[in-house]
Amino acid sequence: TTVKGSFEKLKDIIPAEENGTPNAKPEGYVTLTFDKGDHGKEITGQTVYYVNPKADPAKTLGDKSIVKPTVKAEIGYKFTGWDTEDNFEIKDNKTVKAKYDPIADVVPKDNPQGGENEKPDGYITVTFSTETNGKIKGTTNTKTKVVYVNPNKAVVLKGQDPEVTPNTGFDFADWDTQIGKKIQYSDGDTIKALYNAKGDVIPQENPNGSDKPAGYL
């Protein structure tokens, strides 16, 4: 009696899990693992595949059957890609790690080159406000400047503060927060401008009148 068996050819790339059900690793296959890497907060999606190292042509990381997982970076970092190119041929066990770049601890909302900067994930909003007695220099009547700040860091905001043009009758004195010191801010903090009121009549000291306050006659 002859017994004939039918065998289904295994796929060259098999996810370690499908719809919550684990797949057995075929004999002779190698393991491809995706890792969230240093400064990765979490990784979601398919992270492990079993690959036939003798596939012809060789299977590469960029194969359409390999759907790369999604990673989320720690606060202060941005995901930039994976440490292995898509043309890498998978012929042995391989771990592919996510890569990240650090983000500045303070990012102004308004980009000096035009437009707005994207708010980094997890960052908080801190606002400079000129209040009622002034405005931001070079604007019609803009009174606020927003910066995005890493909530886990104490930062110096000196240099991020806008230049203030005081209203007639006032001198800009300072900000109500010591922005030259490292401070750990909270979301929604507002740094307010402080002013000194000028007198209604100010004696002229320079003969040419160069000391005349703006807005005075």
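What counts and what doesn't
- Residues numbered from 1 in each chain as written.
- Predicted model: local features only at pLDDT ≥ 70, side-chain atom pairs only at ≥ 80, totals over all residues.
- Heavy atoms only, no water.
- Helix = DSSP H or I, 4+ residues; strand = E, 2+ residues; numbered from the N terminus.
- Buried < 20%, exposed > 50% of the residue type's maximum accessible area, 1.4 Å probe, protein only.
- Contact = heavy atoms within 4.5 Å.
- Areas by Shrake-Rupley, 256 points an atom, 1.4 Å probe, with all protein chains shown as cover.
- Salt bridge = Lys/Arg side-chain N within 4 Å of Asp/Glu carboxyl O.
- Pairing = 2+ DSSP bridges.

(A) Fine view of the overall build of the chain. From N to C terminus, the chain includes zero helices and 16 strands. Relative to its 217 residues, the chain shows a buried fraction of 32%. Contacts spanning at least 24 positions in sequence make up 58% of the contacts within the chain whose residues lie at least 6 apart. Within the structure as shown, the chain displays about 14,200 Å² of accessible surface, and the carbon and sulfur contribution to it stands at 45%.

(B) Focus on the pattern of salt bridges. The full count for this structure, using the stated rule, is seven salt bridges. Measuring nitrogen to oxygen at the nearest pair gives 3.4 Å for the salt bridge that ties Lys91 to Glu89. Under the relative-accessibility criterion, Glu89 is labelled partly exposed at 40%. For the salt bridge of Lys153 with Asp105, the shortest nitrogen-to-oxygen distance reads 3.4 Å. A residue pair is termed long-range when its members are at least 10 positions apart, and Lys153 in the loop between β13 (144-149) and β14 (164-166) and Asp105 in the loop between β9 (94-102) and β10 (106-108) qualify at 48 residues. On the basis of relative accessible area, Lys153 is assigned to the partly exposed category, the value being 38%.

(C) View of the environment of Asp174. Positionally, Asp174 belongs in strand β15 (residues 170-175). Taking C-alpha positions, Asp174 is 7.1 Å from Tyr195, a pair spaced 21 residues apart along the chain. Excluding residues within four positions of it along the chain, Asp174 makes contact with Lys192, Ala193 and Leu194.

(D) Structural view of the environment of Gly180. Following the sequence through the fold, Gly180 ends up in the loop between β15 and β16 (190-197). Spatially, the C-alpha atoms of Gly180 and Gly159 are 8.6 Å apart, while their sequence positions differ by 21 residues. Once you skip the residues sitting within four places of it in the chain, Gly180 turns out to touch Val156 and Lys158.

(E) Region of the structure containing the pairing of β13. Burial analysis of β13 places five of its six residues in the buried class, the great majority of the element. Note: β10 against β13, three bridges, orientation antiparallel. By the bridge assignment for β13, Val107 is matched with Tyr148. Here strand β11 (residues 124-129) pairs with β13 via six bridges, running antiparallel. Bridging from a neighbouring strand, Thr125 pairs with Tyr148 of β13.

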